[in-house]
Structures are given as structure tokens and as C-alpha cells.
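The lines below spell out each chain.
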Amino acid sequence: MEIRDLSFQYEKQLILKSISAPIQRGKITTIIGPNGCGKSTLFHLMTKNLKPLKGGIYLDNKNIKDIGLKDFSKKVAIVHQYNTAPRDITVKTLVAYGRTPHLPFYRKINEEDEAIIDWAMKITEIDKMKDREIVTLSGGQKQRVFIAMALAQKTDILFLDEPTTYLDVRYQIQILDLIQRLNKDFGMTIVMVLHDINQAICYSDEIIGLKDGTIVVQGSTDRVINRKTLYDIFNIHLKVLKEKDRKYVVPVSEEKELLSG
């Protein structure tokens, strides 16, 4: 997938300004940036929920605007930040909706579909709760169900918009470990939006840093994450530490550290 000269305007305000970037196949790419920088807009453009002012998103060298929604859903699965479902629907029934793009209107779920649904539930470790109603699940469990539904589409690309929002730290790590496993074990290309810089460092191969509708930096986490680029993105001085070849960002401004010291 590739972003080419992409711009987006809303109510005469230019939200994204002629941005271009490749999305590496088989890698985890995370979009970071301050509130209002255009992260969600870019996500919605890449998932066909918005139409650009100019430029485009290309998948296998074809502009996604020219790919029908059903065909697009066979290539790309999406987990949105806010997900809703009927309170009394069961886990398995919801996961089964992921097979919809593959079902002609005249065909019901067959054995192959059932096997894929079971696989998606097993991978996300929700198979033992398949008969429970969604209303009975915790936030972290619900997030796994929506990821399982996306996996049931059997695509090579998975988009996730802030998948750890509203989850406690244990569920955050479990969800991110699952996402990393999908990439490492099944070769899925992952594109996600995250707020937490350290989680982005730990779970990403590539970082796209946005600010004011433009891409400030893009590249490997080790190359991109440093004191200067973080200031360029967030306009705050943050200390970057390195331990055992992994970087960590201290989420307190250096000025605050000096005052408290």
C-alpha cells in the first residue's frame, strides 16, 4: 500500500497537506502525533471512509477509490476505535459477520467458513466464550471479539484505530501482543494509530509521525524516535533512554524533571 500526494479538506480547512508514504508489506506501521494532527483523518482515508481532495491511496498499484467495498473488504480488515454491536448477540455470531464479504447473497456459511471463524476465535483466545452475549464481556474481551471478526475476513492487511483506548494496562499489553503475533506468525501487514509513544516503539517496525497535516518523520523506530524528532512532532522536550538496544521515552518534559530535581 502507498500514500501518494494525499490531501484532504474539511469545511475549507486543509487537514492533510500533500503527504506521501509507502506502507511496508509484512511490517507493523504505527501512526503517531498530537491531537488534531490528522491521524484519524488519514486512517479513515486509508480505509475508504473518506474521499481525498487530491492524490490517493494505492493498493497493489490500484487506487482504492476504484476498488468496490466488497472487494476491498477481501483485502483489508478494519477495527475501528468505537465499535458497537447488539447487546444480546453472541460472540460467535458477531465473529461470523467477518465472512460477509466472501458470501454471495444466496449462500450461507459452509464448513470452510466455520473453520475460519473457529480459527479467528482460537487465535484471539475467545473460543471458550463463543456462546456468551457481548453485553457480558469486559472491554478487553470485546476488543478481542472485534479483532476476531476482522480476522474472519482472512485478509493480508489489518487496520486498527487506537486499539488500546479505554483498556487498562494489562489488556493493552495483551491486545498489542496479539497484534504482534498476527504479524510475526501469519505475516499480516498491520497499520495502527497509537497515542502511547513507548507502545509504538515496542510494537512497531515503522513509525509515521504526523504534525499539522504533514508527515514529519517516517522510518524504523530506532531511527525515527529521538529527542529531536519527538520535539518536531509534539513540540515538547522528552528524554529518550536506551536499554538493551530498545529505546524508551520518559513521558515527562525535561523542564519538569529539572524543576522536580
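Please refer to the structure placed before this passage.
Reading the values: the criteria
Sequence order sets the numbering: in each chain, residues are counted from 1 along the sequence as written. In keeping with the model being predicted, local features are shown solely for residues with a pLDDT of at least 70 and side-chain atom pairs are shown and tallied solely at 80 or more, while totals for entire chains, interfaces and linings include all residues. Based on all heavy atoms of the structure, the side-chain values leave hydrogens and waters out of the count. By convention in these notes, a salt bridge is any Lys or Arg side-chain nitrogen within 4 Å of a carboxyl oxygen on Asp or Glu. Here a helix means four or more residues in a row that DSSP labels H or I, a strand means two or more in a row labelled E, and each is numbered from the N terminus. Exposure classes here rest on a 1.4 Å probe applied to the protein chains alone. A residue is buried below 20% of its type maximum, exposed above 50%, and partly exposed in between. A pair of strands is treated as paired once DSSP finds two or more bridges between them. Where helices are involved, their axes are fitted lines through C-alpha atoms of the stretch in contact, as for all axes, and angles between N-to-C directions lie from 0 to 180°. Note on contacts: a residue pair is in contact if any heavy atoms of the two residues lie within 4.5 Å.

Chemist: Explanation requested: the pattern of salt bridges in the structure shown.
Modeler: Close approach of charged atoms allows side chains with opposite charge to pair. Across all of its chains, the model carries eleven salt bridges by this definition. Between arginine 25 and aspartate 60 there is a salt bridge; the shortest N-O distance is 3.1 Å. Of the two residues, arginine 25 is situated in the loop between β2 (13-22) and β3 (28-32) and aspartate 60 in the loop between β4 (54-59) and β5 (62-63); the sequence distance between them amounts to 35 residues. Taken individually, arginine 25 and aspartate 60 each receive the classification exposed, so the pair is uniform in this respect. Ionic pairing is found between lysine 92 and glutamate 114, a salt bridge with its closest N-O pair at 3.1 Å. One end of the pair, lysine 92, is in helix α3 (residues 91-96); the other, glutamate 114, is in helix α4 (residues 111-123), with 22 residues separating them in the sequence. In this structure lysine 92 comes out as partly exposed when scored by relative accessible area, which is 23%. Salt bridges here are not isolated pairs; linked through shared partners, they connect Arg25, Asp60 and Lys75.

Chemist: When you look at the sheet that holds strand β8 (residues 189-193) in this model, what are you seeing that I'm missing?
Modeler: Sheet strands pair via backbone hydrogen bonds, and the direction of the pair is either parallel or antiparallel. Overall, mixed pairing links the six strands, which are arranged β6-β7-β8-β3-β9-β10 in an open sheet. Pairing within the sheet leaves two strands with one partner each, and these edge strands are β6 (76-79) and β10 (214-220). Within this sheet the neighbouring strands show an average axis-to-axis angle of 15°, counted without direction. Where β3 lies against strand β9 (residues 206-211), four bridges are found, and the strand directions are parallel. Residue threonine 29 lies in a different strand from β9, and its bridge partner there is glutamate 206. Set on the sheet, helix α6 (residues 169-186) makes contact with β3, β7 (157-161) and β8; between it and β8 the angle comes to about 150°. Together, β3, β9 and β10 form the strand contacts of helix α9 (residues 227-234), whose direction differs from that of β9 by roughly 40°.

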